[in-house]
Each structure stands twice: as structure tokens, then as C-alpha cells.
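If you want the building blocks of each chain, they are given just below.
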Amino acid sequence: MKGTKGKNSWALFLLILAGLVLGGFIGTLTDGISVLNWLNYGQTFGLEEPIVLNLGIVAITFALTIKITISSIIGIVLAIIIYRFI
């Protein structure tokens, strides 16, 4: 991997995941504040209804929903910047 100086890609993945979670958390906290309300603006993607696979003995439910907000995008960008400087 050129430009990463042999860094671990799992570290980048974990930093991006942490940035996504912390950004979403900050967006949820600022939802009630009128000046910072724009941080929680975003779109939700995923399945509206979960898919159920009933095999008689075992029932498996599949569901995935992702909410991407402005604050989570900022968190991801900050995580990548932090990864570059580590």
C-alpha cells in the first residue's frame, strides 16, 4: 500500500467505524439545538421490513439499516486524517 508506510488496514477500518459512531452520536446530541440541527441531517438506507428465513428448527432474521448524517461524514473524514498522521 503506497503512502501508508505499511500501516495496518484494520486500524483504518476501526478508526472509520469509531468516527462513524462518534459522529452519529454527536449528531443525535445536537438534534434539539437549533444552531447545530444541521449536523443531524441525513438519509437512511436499508431494509424497511426484516427478511425472515424460517427453517423449522431455526428462524433467521436479516435486517440492515444505515443512517448517514453530516456529523457522521465529518467523523469519517476526521478519522482518515488522524490515520494519516499516526
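To keep things clear, this report deals only with the structure shown in the data block. Per chain, the residues get numbers from 1 upward, laid out in the order the sequence is written. For a predicted model such as this one, the threshold for reporting local features is a pLDDT of at least 70, and the threshold for listing and counting side-chain atom pairs is 80 or more; totals across whole chains, interfaces and linings nevertheless cover every residue. Water and hydrogen atoms play no part in the side-chain values, which are based on all heavy atoms of the structure.

### A word on the overall build of the protein
Working step 1: For the protein, the helix and strand inventory stands at two helices and four strands.
Working step 2: Put simply, DSSP H or I for four residues or longer makes a helix, DSSP E for two residues or longer makes a strand, and each gets a number counted from the N terminus. Going residue by residue from the N terminus, the α and β elements of the protein occur as α-β-β-β-β-α.
Working step 3: Against the globule reference of 12 Å for 86 residues, the protein gives a C-alpha radius of gyration of 18 Å, more extended than a compact globule.
Working step 4: Along the first, second and third principal axes, the C-alpha atoms of the protein reach 50 × 45 × 15 Å.
Working step 5: Scored against the burial criterion, the 86 residues of the protein give a buried share of 15%.
Working step 6: Contact criterion: two residues are considered in contact whenever any of their non-hydrogen atoms come within 4.5 Å of each other. In the protein, 56% of the contacts between residues at least 6 apart in sequence involve partners at least 24 apart.
Working step 7: Of the roughly 6,900 Å² of accessible surface on the protein, 72% is carried by carbon and sulfur atoms. Radius of gyration: over C-alpha atoms. The globule rule applied is 2.2 Å multiplied by the number of residues raised to the 0.38 power. Only protein chains enter the accessibility calculation, which uses a 1.4 Å probe; a residue whose area is less than 20% of its type maximum is buried, one above 50% is exposed, and one in between is partly exposed. Areas reported here follow the Shrake-Rupley algorithm with a probe of radius 1.4 Å; residue values treat only the protein chains shown as occluding.

### Thoughts on the layout of surface pockets
Working step 1: The definitions used throughout rest on a 1 Å grid laid over the protein atoms alone, on which a cavity is an enclosed set of points accommodating a 1.4 Å probe that cannot get out and a pocket is an open set flanked by protein within 12 Å on both sides along at least five of seven lines; lining residues are those having an atom within 4 Å of a point. Grid points are joined across faces, edges and corners, and a volume is the space filled by probe spheres set on the points. Volume-wise, the largest pocket comes out at about 200 Å³.
Working step 2: All residues other than Ala, Val, Leu, Ile, Met, Phe, Trp, Tyr, Cys, Pro, Asp, Glu, Lys and Arg, Gly among them, are scored as polar; the first ten of these are nonpolar and the last four charged. For the lining of the largest pocket, the per-class residue count stands at nine nonpolar, four polar and no charged.

### A few points about the environment of Gly46
Working step 1: Along the polypeptide, Gly46 turns up in strand 1 (residues 42–46).
Working step 2: Considering only alpha carbons, one finds Gly46 and Lys7, 39 residues apart in sequence, at a separation of 32 Å.
Working step 3: Leaving out residues up to four positions away in the same chain, Gly46 has contacts with Leu64 and Thr65.

### A closer look at helix 1 (residues 9–29)
Working step 1: By this rule, a helix spans an expected 1.5 Å times one less than how many residues it contains. Its 21 residues place the ends of helix 1 30 Å apart at the C-alpha level, agreeing with the 30 Å of an ideal helix rising 1.5 Å per residue.
Working step 2: Within the span of helix 1, buried status applies to Gly19, Gly23 and Gly27. Projected down its long axis, helix 1 carries its buried residues within an arc of 60°, all on one side. Residues of helix 1 that are exposed and point over 90 degrees away from its buried face: Trp10, Leu14, Val21, Leu22, Thr28 and Leu29.
Working step 3: Tucked inside the fold, the buried residues of helix 1 contact helix 2 (70–85). This arc describes the spread of directions from the helix axis toward the C-beta atoms.

### Remarks on the packing of aromatic side chains
Working step 1: Two aromatic rings from Phe, Tyr or Trp, using only the six-membered ring of Trp, form a pair when their centres are within 6.5 Å; if the ring planes differ by under 30 degrees the pair is stacked, by over 60 it is edge-to-face, and anything between is tilted. Summed over the entire model, instances satisfying the criterion amount to one aromatic pair.
Working step 2: Judged by centre distance (5.9 Å) and plane angle (90°), the rings of Trp10 and Phe13 are edge-to-face. Pair noted here: Trp10 and Phe13 are both in helix 1, with a separation of three residues, about one helical turn.
Working step 3: Relative accessible area serves as the criterion here: at 59%, Trp10 is assigned to the exposed category.
Working step 4: Its relative accessible area of 45% is what places Phe13 among the partly exposed residues.

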